[in-house]
Amino acid sequence: MSCSHTATYVYHRQTHELLHSVLWMQRSAEYYAACETVYMGALDALDRALADTSWTAATEQKPPFGSKPPAIIVDCDETVLDNSAYEARLILDKTSYPTGWDDWCNEASASALPGAVEFLREADKRGVAVFYVTNRDAKLDESTWQNLRTLGFPQTNTAEQVMCKDERDGWGSDKSTRRDYISRTHRIVQVAGDNLDDFIGYKKTTIERERLAKDHMSWWGTRWLMLPNPAYGSWERALLNHDNSASDSLTLKIKYDALVPGR
Ligand SMILES: [Mg+2]
C-alpha cells in the first residue's frame, strides 16, 4: 500500500514524537559534549565581557550601562535544568505536555545540564549576578528554586533570583519585560537559553526566527549561549503558527508538510 499526501490522508502516529530526541539527550555522548562546549566557551567569553564595559547581551539594555554591576540571565528548563526524565515519562505513558508537568516540577528532581553549575559558579566567583528567568508558572517558583538549590547552583539562598512567569505584573511569557527589568539595575553580559525567545523575539514565524538568529550571528557563543533542545520549543510552535488547538492528526500533518525533502 502506498501513502500519498492527499487531502484525505490521516496521519497516524507510528511512534512517540519525542522518542529520538529524548534518547539523544539521555543516552548520547554528543548531547553531553555539546552542552559542555557551550558552557566552557561561555567562560572564555565572560572574562572579555567583564573587561569591556561597552559589552551587553540584551537588546533591551539602554545606555549608559557601563558602571552597572554585571549579570547573567539563564533560562531554566533545558538550559540549566534537565527535564528529560519528564519527557521520558511522556513517551512511556503515551501522553504529551502539559500532562504531569506541575507534578514533575514539584518533585524538584530535575538534574543539571552538563557544565551549567560549574559555569555559573565561576561567574559567581567573578562577582556576576545570576538571574534564573523561567516561563514556569509563579506557583512553581518555590519548587524550582529548591531544585536549583539542591543541585548547587549559585545565588540560590533565597528564591529572589528565580523570576517566574507572572510573578509580577507585566512578566508574561515574552521574557523581554524581565530582561528590561534586570537591565535597569545591571549590565547583562550573557544570556543562556534553549529557545530563541530566551534571547529575542516572541511568537515569531519560522522565517522571522531564522532572520533574528542570523542578524545576531556575532552574538552566538559569546553574548548568547544556545543549548541544544531537539525535544520541544518555540521552533515547534512556530510551525503550528502558535496555535495550540490543532488536533493530534493535524499537528502531525503540519509537521510532515514542513519537512524539506531537498530544494
Ligand atoms: Mg528552556
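Only a predicted model underlies this, so the values are computations on that prediction, with no experimental measurement involved.

> Would you take a moment to explain the environment of Phe 199 for this structure?
The residue Phe 199 is located in the loop between strand 6 (187–193) and helix 8 (206–215) in this model. Sequence spacing of Phe 199 and Ser 176 is 23 residues, and the spatial spacing of their C-alpha atoms is 8.1 Å. Not counting chain neighbours up to four residues away, the residues in contact with Phe 199 comprise Arg 179, Val 191, Ala 192, Gly 193, Trp 220, Trp 224, Leu 225 and Met 226.

> Looking at this model, I keep getting lost on the coordination of the magnesium ion. Mind explaining?
Ideal values differ by geometry: the angle at a metal is 109.5 degrees with four tetrahedral donors, but 90 or 180 degrees with six octahedral donors. Within the protein, Asp 75 (OD), Asp 77 (O) and Asp 194 (OD) serve as the donor atoms for the magnesium ion, at 2.1 to 2.2 Å. Of the residues examined, Asp 75 reaches a relative accessible area of 6% and is grouped as buried. When its relative accessible area of 11% is taken as the criterion, Asp 77 is described as buried.

> How do you make sense of the environment of Tyr 256 when you look at a structure like this?
Within the secondary structure, Tyr 256 sits in helix 10 (residues 248–258). The spatial distance from the C-alpha of Tyr 256 to the C-alpha of Tyr 11 is 8.9 Å, given a sequence separation of 245 residues. Contacts of Tyr 256, omitting those with residues within four sequence positions, involve Tyr 11 and Gln 14.

> Whenever I open this one, the pairing of strand 5 (residues 162–165) confuses me. Can you help?
Within a regular strand, the side chains alternate between the two sheet faces. Two strands pair when backbone bridges link them, and strand 4 (residues 129–137) and strand 5 are joined in this way by three bridges, in the parallel orientation. Within the sheet, the bridge partner assigned to Tyr 132 lies in strand 5 and is Val 162. Read from strand 4 through helix 6 (residues 141–150) to strand 5, the crossover connection turns out right-handed.

> Where do I start with the sheet that holds strand 7 (residues 224–226) in this structure?
In a beta sheet, neighbouring strands are held together by backbone hydrogen bonds and run either parallel or antiparallel to one another. Taken in spatial order, the five strands make up an open sheet running 5-4-1-6-7, and their pairing is parallel. Each end of this open sheet is capped by a strand with a single partner; those strands are strand 5 and strand 7. Averaged over all adjacent pairs, the angle separating strand axes in this sheet is 20 degrees, with direction ignored. Alignment of strand 6 against strand 7, held across three bridges, turns out to be parallel. The residue of strand 7 that forms the bridge with Gly 193 is Met 226. Running at roughly 160 degrees to strand 1 (residues 70–74), helix 5 (residues 116–125) makes contact with strand 1, strand 4, strand 6 and strand 7 of the sheet. Docked against the sheet, helix 6 engages strand 4 and strand 5, running at close to 140 degrees with respect to strand 5.

> I keep staring at the packing of aromatic side chains and nothing clicks. Help me out?
Each aromatic ring pair is described using two quantities: the centre-to-centre distance and the angle formed by the ring planes. For the structure shown, the criterion picks out eleven aromatic pairs. With 6.2 Å between their ring centres and 80 degrees between their planes, Tyr 132 and Phe 153 make a pair best called edge-to-face. Linking Tyr 132 in strand 4 with Phe 153 in the loop between helix 6 and strand 5, this pair joins segments that are 21 residues apart in sequence. For the pair shown, Tyr 132 and Phe 153 are each scored as buried. A connected cluster of aromatic rings, assembled from ring pairs, spans Tyr 86, Tyr 97, Trp 101 and Trp 104. The ring of Trp 55 carries the charged tip of Arg 223 above its face, separated from the ring centre by 4.2 Å.

Procedures and definitions
- Residues numbered from 1 in each chain as written.
- Predicted model: local features only at pLDDT ≥ 70, side-chain atom pairs only at ≥ 80, totals over all residues.
- Heavy atoms only, no water.
- Helix = DSSP H or I, 4+ residues; strand = E, 2+ residues; numbered from the N terminus.
- Contact = heavy atoms within 4.5 Å.
- Donors = N, O, S within 2.8 Å, 3.2 Å for Na, K, Ca; no water.
- Buried < 20%, exposed > 50% of the residue type's maximum accessible area, 1.4 Å probe, protein only.
- Pairing = 2+ DSSP bridges.
- Right-handed = clockwise from strand over helix to strand, strands pointing away.
- Axes fitted to C-alpha atoms, helices over the stretch in contact; angles between N-to-C directions.
- Phe/Tyr/Trp six-rings, centres within 6.5 Å; stacked < 30°, edge-to-face > 60°.
- Lys NZ or Arg CZ within 6 Å of the ring centre and 35° of its normal.

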